[in-house]
Amino acid sequence: MSDNNLLSTEQLLALDKQHIWHPYASMIDAPPVYPVVSARGVRLKLADGTELIDGLSSWWSAIHGYNHPVLNQAAKEQLEAMSHVMFGGITHPSAVKLAKLLVDITPPTLNKVFFSDSGSVAVEVAIKMALQYWYSMGRKEKQQLLTLKNGYHGDTFGAMATCDPVTGMHHMFSEALPKHLFADAPRTRFGDEFDETDISSFKRLIEKNHQSLAAVILEPIVQGAGGMNFYSPDYLKRVRQLCNEYDVLLIADEIATGFGRTGKLFACEHANIEPDILCLGKCLTGGYLSLAATLCNDKVANGICQGEAGVFMHGPTFMANPLATAIAYASVQLLLSQDWQQLVKNLETQLLAGLSPAKAFDTVNDVRVLGSIGVIELKQPVDMAVIQKQLVDRGIWVRPFGKLVYTIPPYIIGDEDIATLTAGLVDIVKN
Ligand code: PMP
């Protein structure tokens with residue numbers, strides 16, 4: 001087997017089944033996977049020539065669609081210069097330009113940028129920043145985190161310890177995971193009048209435990225993988241106030257919500273708050289390569305660097321990879337060069353119009369839309385194997401989980417495709 005191009009689709013799928021783990025999948029009873037051979041715009045092309053409308057942007061990331069000429073060009077130019085160089089003792093234009101751009105567009109106090117390889121690692125970095133900050137300040141007892149039930153922050157150990165303990169299956173790792181505190185998930189929905197009792201559980205925990213708390217970590221406005229819940233900006237405002245009051249850092253995980261998904265460039269803007277530490281990832285490179293960034297304010301950076309170590313104790317091999325940072329710079333510039341607010345607003349209108357008919361079905365619990373995120377929540381969990389095939393047969397790529405059938409399409413999706421996508425989803429959940 002010297003040339004992969006010679007593999008037939010059957011061989012490819014057989015080898016895949018035999019050797020490759022897929023996300024959250026079994027190696028004994030492997031579910032079917034679909035062989036994608038190319039992607040352009042909002043379409044994924046399968047080996048048999050079938051084209052699917054991508055309703056998922058490859059898990060929130062491909063906001064400009066696939067094979068975008070601007071991003072391709074940025075990749076080619078950077079490839080000619082260098083695809084990688086170490087970041088210890090070296091810098092390069094793409095990293096500097098991207099860092100400056102991120103500092104300019106994120107909340108004003110965030111002006112230090114740490115690049116890493118993936119969302120989970122960005123969360124690890126954020127947690128380490130918070131812990132090292134308090135260590136440096138001589139408050140070594142501040143080592144615990146406070147977070148929200150139904151949260152999701154990644155699959156590595158530090159991040160996993162902040163995910164919802166039930167859905168994150170903490171019991172399987174309980175001996176190895178640090179024990180953090182979990183407040184009740186926010187109940188007041190985005191757009192509804194805030195119910196002050198909603199913050200009680202969080203308030204109780206921070207009041208009682210602030211002496212040992214390094215930071216609060218949460219997903220602002222949208223709890224993604226933990227249930228696609230859109231919650232009130234007032235909750236977030238209360239969290240910021242309480243963090244100030246009790247001297248606890250606030251980490252905003254905007255890995256999913258960043259770069260316009262919720263209708264604001266960053267979801268924190270809905271509440272007009274600034275975190276001390278911000279995690280970005282997913283669509284940072286427009287879905288081309290894995291890259292993440294953790295930003296922090298001067299208080300955190302100076303606190304860490306004036307402490308015992310004098311440096312921040314982290315430094316991945318592929319930190320600030322030039323290819324990834326060059327594409328990310330082009331991707332963020334591309335987003336900002338468009339009327340992205342209008343683009344997302346249009347998507348919101350179309351998603352709402354397209355998905356709302358599902359509200360009438362007995363099988364459906366709720367339909368909700370925020371920015372470019374559309375969710376149909378069912379009363380019963382879906383049968384993945386069945387529904388995935390039904391969706392593909394309709395020419396649609398989305399990947400429901402639990403009771404949630406949701407879409408987060410590329411921002412460039414056209415009216416006709418969004419109509420096909422939403423009609424397909426509505427049709428699928430009918431029975
Ligand atoms: N935080 C949030 C809010 C996420 O949605 C995700 C990914 N789903 C992560 C962190 C982890 O990112 P990655 O998968 O790139 O490690």
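Residues numbered from 1 in each chain as written. Predicted model: local features only at pLDDT ≥ 70, side-chain atom pairs only at ≥ 80, totals over all residues. Heavy atoms only, no water.

### Side note on the site of the ligand
Here is step 1 of the chain: Neighbouring the ligand are the residues S118, G119, S120, Y152, H153, G154, E219, D253, I255, A256 and K282.
Here is step 2 of the chain: A distance of 2.9 Å separates an oxygen atom of the ligand from a polar backbone atom of G119.
Here is step 3 of the chain: Within the side chain of K282, one N or O atom sits 3.0 Å away from a nitrogen atom of the ligand.
Here is step 4 of the chain: Here the ligand has 390 Å² of accessible area as a free molecule, and 79% of this is covered by the chains.
Here is step 5 of the chain: Per-class residue counts for the shell around the ligand are three nonpolar, five polar and three charged. (Near = heavy atom within 4 Å. Polar contact = N/O pair within 3.5 Å; in protein donor to acceptor, adjacent residues only side chain to side chain. Areas by Shrake-Rupley, 256 points an atom, 1.4 Å probe, with all protein chains shown as cover. Nonpolar A, V, L, I, M, F, W, Y, C, P; charged D, E, K, R; others polar.)

### Considering the nonpolar core
Here is step 1 of the chain: Counting residues in hydrophobic clusters, the biggest one holds 126 residues, and the most contacted among them are L102, F202, I206, V216, F259 and I376.
Here is step 2 of the chain: In terms of residues, this core owes the most to one element, helix α5 (residues 119-136), which gives 10 residues.
Here is step 3 of the chain: Shared between two domains, this core takes at least three residues from each, and those domains are domain 1 (34-67 + 339-430) and domain 2 (71-337).
Here is step 4 of the chain: Ignoring sequence-local partners within four residues, the contact set of I206 consists of L146, L213, V216, L242, C243, Y246 and V248.
Here is step 5 of the chain: L71, A74, A75 and L334 belong to the second-largest nonpolar core, a separate cluster that totals six residues. (Core = buried A, V, L, I, M, F, W, Y, C linked by side-chain atoms within 4.5 Å. Buried < 20%, exposed > 50% of the residue type's maximum accessible area, 1.4 Å probe, protein only. Helix = DSSP H or I, 4+ residues; strand = E, 2+ residues; numbered from the N terminus. Domains from an automatic or database assignment. Contact = heavy atoms within 4.5 Å.)

### Examining the sheet that holds strand β1 (residues 36-40)
Here is step 1 of the chain: Taken together, the four strands give an open sheet; going across it, the order is β1-β2-β3-β15, and neighbouring strands pair in mixed fashion. With partners counted over all chains shown, the strands left at the sheet margins are β1 and β15 (396-397), one partner each. (Pairing = 2+ DSSP bridges.)

### A closer look at the environment of M160
Here is step 1 of the chain: On the secondary structure map, M160 appears in helix α6 (residues 157-160).
Here is step 2 of the chain: On a C-alpha basis, the gap between M160 and L335 in space is 31 Å, while along the polypeptide they are 175 residues apart.
Here is step 3 of the chain: Here M160 is in contact with G154, D155, H170, F173 and L177, once residues within four sequence places are set aside.

### Re the domain arrangement of the protein
Here is step 1 of the chain: Structurally, the protein comprises domain 1 (34-67 + 339-430) and domain 2 (71-337).
Here is step 2 of the chain: Here domain 1 and domain 2 have C-alpha centroids that lie 27 Å from each other.
Here is step 3 of the chain: Facing the 26 residues of domain 1 at the interface are 30 residues of domain 2.
Here is step 4 of the chain: Approximately 2,400 Å² of surface area, both sides summed, lies buried where domain 1 meets domain 2, with 64% of it carried by carbon and sulfur atoms.
Here is step 5 of the chain: On the domain 1 side of the contact with domain 2, W60, W340 and L370 bury the most area, a combined 34% of that side's loss.
Here is step 6 of the chain: Across the contact surface, domain 1 and domain 2 share one salt bridge.
Here is step 7 of the chain: The partner of D366 in a salt bridge is R189, with the nearest N and O atoms 2.8 Å apart.
Here is step 8 of the chain: Our count for the contact surface shared by domain 1 and domain 2 stands at 13 residue pairs in polar contact (both at pLDDT 80 or more).
Here is step 9 of the chain: Mapped by element, the contributors of at least two residues to the side of domain 1 that touches domain 2 are α2 (57-60), α11 (340-355), β13 (364-370), β14 (373-378) and β16 (404-407).
Here is step 10 of the chain: With four residues, β13 is the largest single contributor of residues to the side of domain 1 that touches domain 2.
Here is step 11 of the chain: When grouped by side-chain class, the residues that make up the side of domain 1 that touches domain 2 number 17 nonpolar, six polar and three charged. (Buried area = accessible area lost by both parts, 1.4 Å probe. Salt bridge = Lys/Arg side-chain N within 4 Å of Asp/Glu carboxyl O.)

### A closer look at the side chain of T294
Here is step 1 of the chain: Among the secondary structure elements, T294 is positioned in strand β12 (residues 292-297).
Here is step 2 of the chain: Overall, T294 belongs to the buried group, its relative accessible area being 0%.
Here is step 3 of the chain: Within the structure, T294 has its side chain in polar contact with the backbone oxygen of A122 (distance 2.9 Å).
Here is step 4 of the chain: Non-local contacts of T294, meaning those with residues more than four positions away in its chain, are made with K112, V113, F114, A122, V125, A126, M129, I277 and L278.

### Concerning the sheet that holds strand β7 (residues 213-218)
Hydrogen bonds along the backbone pair up the strands of a sheet, which may run parallel or antiparallel.
Here is step 1 of the chain: Read from one edge to the other, the open sheet built from seven strands follows the order β4-β12-β11-β10-β7-β5-β6, with strand pairing classed as mixed. Of all strands in the sheet, those bounded by a partner on one side alone are β4 (110-116) and β6 (181-183). Averaged over all pairs of adjacent strands, the angle between their axes in this sheet comes to 20°, without regard to strand direction.
Here is step 2 of the chain: Relative to β7, strand β5 (residues 144-148) is paired through three bridges, and the arrangement is parallel. Opposite L146, over in β7, you have V216 as the bridge partner.
Here is step 3 of the chain: Against the sheet, α5 contacts β4, β5, β7, β10 (249-253), β11 (277-280) and β12, and its axis sits at roughly 25° relative to β12. (Axes fitted to C-alpha atoms, helices over the stretch in contact; angles between N-to-C directions.)

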